[in-house]
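# Working through the structure, step by step
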Amino acid sequence: MAEIDDKVRSQGLSGTGSLACVSLVVITYNEEDNIDKCIESAGGVGEIIVVDSFSSDGTVEIARGLGATVYQRKFTSYADQKNWAMQKASGDWVLVLDADESVSPELHSEIVSELSDPKADGYWFKRQNEFFGKKIRFSGWNRDRVLRLFRRGRGVYPERAVHEKLRLEGKESVMKACLDHRPYRNIDDYIDRMRRYSQ
């Protein structure tokens, strides 16, 4: 635990940095392999909110060790879980990340710069997808965009089964740097997810 506390201080996760106006929101279920990188990549945010669907691994302990306020709630859908989590946010801005995503250093710097004088109400991120350690450059994934940073109260996720998308009220803009995304742990995880989506 002392090692985690040192990491919190070194990453500036106490909210004293220039991203202190941002609430980071993450929903989780058995994400102990990803949650530390996700939270650490958003170093400097003023608040970390994790809504967990009763993980059976070390997700909750790791998240709390990194300064997150953790709520546990039964999962019904991705949209419902994220909307509930966002209601817990108190910052002027909300940054929604999936546990298998992380803010690249370049994107982190761009967010800091933009929020010093924001020109929009919400920001799209270009998402750099990886498939078993290889960056995907074609096949449609190279055009992947997600709207993840927005003024609190301006965004909501309409209900849908999978691949929920934020609906924003206000002006939109696009960041230049990329959000890193590692959606599959291994081939078994990939096949299991395709099976669930097909059902």
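Quantities reported herein were computed from a predicted structural model and do not represent experimental measurements. (Residues numbered from 1 in each chain as written. Predicted model: local features only at pLDDT ≥ 70, side-chain atom pairs only at ≥ 80, totals over all residues. Heavy atoms only, no water.)

Moving on, we come to the overall build of the protein chain. Helix and strand counts for the protein chain stand at six helices and eleven strands. Buried positions account for 46% of the 199 residues belonging to the protein chain. Of the contacts made within the protein chain by residues no fewer than 6 positions apart, 72% connect residues no fewer than 24 positions apart. (Helix = DSSP H or I, 4+ residues; strand = E, 2+ residues; numbered from the N terminus. Buried < 20%, exposed > 50% of the residue type's maximum accessible area, 1.4 Å probe, protein only. Contact = heavy atoms within 4.5 Å.)

The next thing to look at is the confidence of the model for the protein chain. Regions with low pLDDT carry predicted coordinates that are not meant to be interpreted in detail. The pLDDT averaged across the protein chain works out to 85; a share of 75% of its residues lies at or above 70. Considering only residues more than four positions removed or in separate chains, one finds that residues 1–17, a stretch of pLDDT under 50, has 28 contacts. (pLDDT = per-residue confidence, 0-100.)

Turning our eyes to something else, we now look at the pairing of strand 3 (residues 69–72). With four bridges joining them, strand 2 (residues 47–52) and strand 3 adopt parallel strand pairing. Paired with Val-50 across the strands is Val-70, a residue of strand 3. Taken together, strand 2, helix 3 (residues 59–65) and strand 3 constitute a β-α-β crossover, and its handedness is right-handed. (Pairing = 2+ DSSP bridges. Right-handed = clockwise from strand over helix to strand, strands pointing away.)

Residues Leu-24, Ile-39, Leu-95, Ile-111, Phe-125 and Leu-149 are the most contacted members of the largest nonpolar core, which totals 32 residues. Contact partners of Leu-95, with chain neighbours within four places excluded, come to Val-22, Ser-23, Leu-24, Val-25, Ala-42, Val-103, Phe-125, Arg-148 and Leu-149. (Core = buried A, V, L, I, M, F, W, Y, C linked by side-chain atoms within 4.5 Å.)

Applying the stated criterion across every chain yields a total of nine salt bridges. For Asp-80, the salt bridge goes to Arg-73, with nearest N and O atoms at 3.0 Å. The residue Arg-127 makes a salt bridge to Glu-101 at a minimum N-O spacing of 2.6 Å. Of this pair, Arg-127 sits in strand 6 (residues 122–131) while Glu-101 sits in strand 5 (residues 101–103), and the two are 26 residues apart along the sequence. For Arg-127, a relative accessible area of 16% puts it in the buried group. Among the charged side chains, a network of salt bridges with common partners joins Lys-82, Asp-98, Glu-101, Arg-127, Arg-148 and Glu-164. (Salt bridge = Lys/Arg side-chain N within 4 Å of Asp/Glu carboxyl O.)

Our focus in this paragraph is the environment of Arg-154. If you trace the backbone, Arg-154 turns up in the loop between strand 8 (145–151) and strand 9 (155–156). Using a relative accessible area of 32% as the deciding quantity, one classes Arg-154 as partly exposed. Counting along the chain gives 14 residues from Arg-154 to Leu-168, while the straight-line C-alpha distance between them is 5.7 Å. Apart from residues lying up to four places away in sequence, Arg-154 is in contact with Asp-121, Arg-167, Leu-168, Glu-169 and Gly-170. Of note is the side chain of Arg-154, whose polar atom sits 3.1 Å from the side chain of Asp-121. (Polar contact = N/O pair within 3.5 Å; in protein donor to acceptor, adjacent residues only side chain to side chain.)

Here Asp-52 shows up in strand 2. Buried Asp-52, no salt bridge; nearest opposite-charge side chain is Arg-64, N-O distance 8.2 Å. Setting aside residues up to four positions removed in sequence, Asp-52 forms contacts with Thr-28, Tyr-29, Thr-59, Val-60, Val-70, Tyr-71, Gln-72 and Arg-73. (Lys, Arg positive; Asp, Glu negative; His and termini not counted.)

Once that is clear, we can look at the packing of aromatic side chains. To describe a pair of aromatic rings, one takes the distance between the centres and the angle between the planes. Tallied over the full model, the rule gives three aromatic pairs. Consider the rings of Tyr-71 and Trp-84, whose centres lie 5.7 Å apart with planes at 85 degrees: the pair is edge-to-face. Of this pair, Tyr-71 sits in strand 3 while Trp-84 sits in helix 4 (residues 78–86); the two residues are 13 residues apart in sequence, bridging distant segments of the chain. One cation-aromatic arrangement involves Lys-88 over Tyr-71; the distance from NZ or CZ to the ring centre is 5.1 Å. (Phe/Tyr/Trp six-rings, centres within 6.5 Å; stacked < 30°, edge-to-face > 60°. Lys NZ or Arg CZ within 6 Å of the ring centre and 35° of its normal.)

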